[in-house]
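Overview (structure and organization)
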Amino acid sequence: MARFRRRTCIILLLFILFICSIMMALKTLRPDRAGFGDPFGLGLLPELQQRTELLESKRSSLNRVQGDTVTQISNMHAAVVNTMKASMPPVNKLEGELSSPNYNFHIFYYSWFGNPQFDGKYIHWNHPLLPHWDPKIANNYPKGRHNPPEDIAANFYPELGSYSSKDTSVIEAHMKQMLSASIGVIALSWYPPGMADENGEPTDDLVPIILDYASKYNLKVTFHIEPYKDRDDRSMYHNVKYIIDKYGAHPAFYRHKTSTGRSLPLFYVYDSYVTIPEIWANLLTVSGSQTIRNTPYDALFIALLVEERHKHDIHRSGFDGMYTYFATNGFSYGSSHHNWASLKAFCDSNNLMFIPSVGPGYIDTSIRPWNNHNTRNRVNGKYYETAFNAALLVRPEIISITSFNEWHEGTQIEKAIPKKTGQIVYLDYKPHKPNIYLELTQKWSEKYRKEKEQWLM
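Residues numbered from 1 in each chain as written. Predicted model: local features only at pLDDT ≥ 70, side-chain atom pairs only at ≥ 80, totals over all residues. Heavy atoms only, no water.

1. Considering the overall build of the protein
- Looking only at helices and strands, the protein features 14 helices and 14 strands.
- Taking all 457 residues of the protein together, 53% fall into the buried category.
- Nonlocal contacts in the protein, meaning residues at least 24 apart in sequence, comprise 73% of its contacts between residues at least 6 apart.
- Here the protein displays about 22,100 Å² of accessible surface, and carbon together with sulfur accounts for 55% of that area. (Helix = DSSP H or I, 4+ residues; strand = E, 2+ residues; numbered from the N terminus. Buried < 20%, exposed > 50% of the residue type's maximum accessible area, 1.4 Å probe, protein only. Contact = heavy atoms within 4.5 Å. Areas by Shrake-Rupley, 256 points an atom, 1.4 Å probe, with all protein chains shown as cover.)

2. What to know about unusual backbone geometry
- Across the junction of P148 and P149, the peptide omega takes the value 5°, indicating a cis bond.
- Turning to its location among the elements, P149 is positioned in the loop between α6 (135–138) and β2 (157–158).
- The backbone of S182 shows a phi angle near 60°, a positive value even though the residue is not glycine.
- Structurally, S182 is set in the loop between α7 (168–180) and β3 (183–190).
- In this structure, N294 is a non-glycine residue whose phi angle is positive, near 60°.

3. What to know about the nonpolar core
- Grouped together as the largest cluster of nonpolar side chains are 105 residues, with contacts concentrated most on M175 and F301.
- The biggest single contributor to this core is helix α14 (residues 436–455), with 7 residues.
- Those residues in contact with F301 that sit more than four places away from it in its chain are M236, V240, F267, V269, L284, I292, R293, F319, D320 and G321. (Core = buried A, V, L, I, M, F, W, Y, C linked by side-chain atoms within 4.5 Å.)

4. So, the packing of helix α13 (residues 382–393) against α14
- Closest axis-to-axis distance for the α13/α14 pair is 11 Å, and the angle between their directions is 15°. Of the possible angle classes, the one that applies to α13 and α14 is roughly parallel. Between α13 and α14 lies a crossing whose hand is right-handed. Residue-level contacts link Y384, E385, F388, N389 and L392 of α13 to Y437, L440, T441, K443, W444, K447, Y448, E451 and W455 of α14.
- For the contact of α13 with α14, the residue count by class is 8 nonpolar, 2 polar and 4 charged. (Axes fitted to C-alpha atoms, helices over the stretch in contact; angles between N-to-C directions. Parallel < 35°, antiparallel > 145°, perpendicular 65-115°, else oblique. Left-handed = near helix turned anticlockwise from the far one by under 90°. Nonpolar A, V, L, I, M, F, W, Y, C, P; charged D, E, K, R; others polar.)

5. Looking at empty space enclosed by the protein
- With the rule as written, the count across this model stands at 2 cavities of 30 Å³ or more.
- There is about 60 Å³ of room inside the largest cavity.
- In this structure, the largest cavity is lined by S111, W112, S189, W190, Y191, A196, D197, E201 and T203.
- Taken together, the residues of the lining of the largest cavity break down into 4 nonpolar, 3 polar and 2 charged. (1 Å grid on protein atoms, 1.4 Å probe; cavity = no way out; pocket = protein on both sides within 12 Å on 5 of 7 lines; lining within 4 Å. Points joined across faces, edges and corners; volume = space filled by probe spheres on them.)

6. Quick look at the pairing of strand β7 (residues 300–304)
- Where burial is concerned, most of β7 is hidden: 5 out of the 5 residues are buried.
- Across the two faces of β7 the burial is the same, with L300, I302 and L304 and F301 and A303 all buried.
- Pairing between strand β6 (residues 263–269) and β7: 4 bridges, direction parallel. Its bridge partner lying in β7, F267 is registered against F301.
- Following the chain from β6 across helix α10 (residues 277–284) to the adjacent parallel β7, one finds a crossover that is right-handed.
- Where β7 lies against strand β8 (residues 321–323), 3 bridges are found, and the strand directions are parallel. Looking at β8, one finds that L304 is bridged to Y323.
- Taken together, β7, helix α11 (residues 310–317) and β8 constitute a β-α-β crossover, and its handedness is right-handed. (Pairing = 2+ DSSP bridges. Right-handed = clockwise from strand over helix to strand, strands pointing away.)

7. Observations regarding the packing of helix α9 (residues 233–247) against α10
- The geometry of α9 relative to α10 is characterised by a closest axis approach of 9 Å and an angle of 35° between their N-to-C directions. In the crossing of α9 with α10, the sense of the turn from one axis to the other is right-handed. Only I279, W280, N282 and L283 of α10 make contact with α9, whose side of the interface consists of D233, M236 and Y237.
- Tallied by class, the residues present in the contact of α9 with α10 amount to 5 nonpolar, 1 polar and 1 charged.

8. What about α10?
- Those residues of α10 not exposed but buried are P277, W280, A281, L283 and L284. The buried residues of α10 occupy one face: seen down the axis, they fall within an arc of 160°.
- Those residues of α10 hidden inside the fold are in contact with α9, β6, β7 and α11. (Arc of directions from axis to C-beta.)

9. Topic: the pattern of salt bridges
- The tally for this structure, following the rule as stated, stands at 19 salt bridges.
- In this structure, K443 and E385 form a salt bridge, with 2.7 Å as the shortest nitrogen-oxygen distance. Highlighted residues: K443 in helix α14 and E385 in helix α13, separated in sequence by 58 residues. When sorted by exposure, K443 lands in the same class as E385, which is buried.
- Taken together, the shared-partner salt bridges in this structure form one network comprising E278, E307, R309, D313 and R316. (Salt bridge = Lys/Arg side-chain N within 4 Å of Asp/Glu carboxyl O.)

Structural measurements only, silent on function.
Here it is in structure tokens:
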């Protein structure tokens, strides 16, 4: 009988050891929800890995404290349970805790999309094919318009479909995506009331809704002022006054704290170079005839730099800084990463802000079928990471991202899905998941925060 009991105990012990070894083997496998396929893996989010290791360490300490009061079998059971927990992917709550707004990360956002359900028709998803300026070249490419919802004016297809920017569920989904990416400021494409781009409809009435939803998720909104008709010093003064008077008191309205301690609104001015410096100087210099300086409407005005010579015009105009917008490395002087160091040095020596613009790639052949030479392949996220790395090297105060949802030019980081319809096969983010570019942004946002602490030491 004693021999039988001894044999039973040995078999039970061996069985428990076998279960433990199986659990340890499972622990080494990458969880299905790691968020990335090869080649990135969990190493793409080192802070997430560190947080998981911290939790495991706490669990181990707790087990050691409890070890004196339980039997050896109970300890082995606890080890099995803890190993099983460690092998599970991080839960969404933990991911949410890691995502907090980084107000030094600004992203360009477009609210110009429409569909029949909310707008009575498709807007922008049915964008026309733009002809080349040379008729001989234009004749070699198709003409006409896109026909949503299956045929949209984009090379990728959004997870939310051909949505309307008026749909509050879409606005909220966008806010959640931006927060998950640790973005802090939305640079909202803006035209004055009653005005729009040639393929769109006025969108100023959406601003209060966007501000409300941004506030719900602790995001801020600044304005990316588009080149509306007759934009000059006088109209800019009135429009900046309109924006600040109407939206400036909202808690989501963005103000940037300067090195002198002032908190000022910040405006990106797209295509600023089409207006001569003398006109801008009327608005942006203290002695200008329409000066906005030292008034209740004073702000930080950021000009678009495309060519190298623009940096001198920007300085002479009275702007407070420059941004590069285009997500096409090598397309222009400003968008070429290797020029950012010299641009930052120029800005530092002239008391200007330099805001480089990074993007995940570029492809606009859905609306400019003749422009494939400017396509920039995403390379499964590597193009985006290269841009972020180049931006961090110049230690900018702000990094701008092109874009959240400029679908026409394929610069979006919004979630996209695989889709094939008829003869159209859309690009997608495979082998990664639809949120790969949100996760990459979150990774670099955290990296920026950590490196900035070192810059300030």
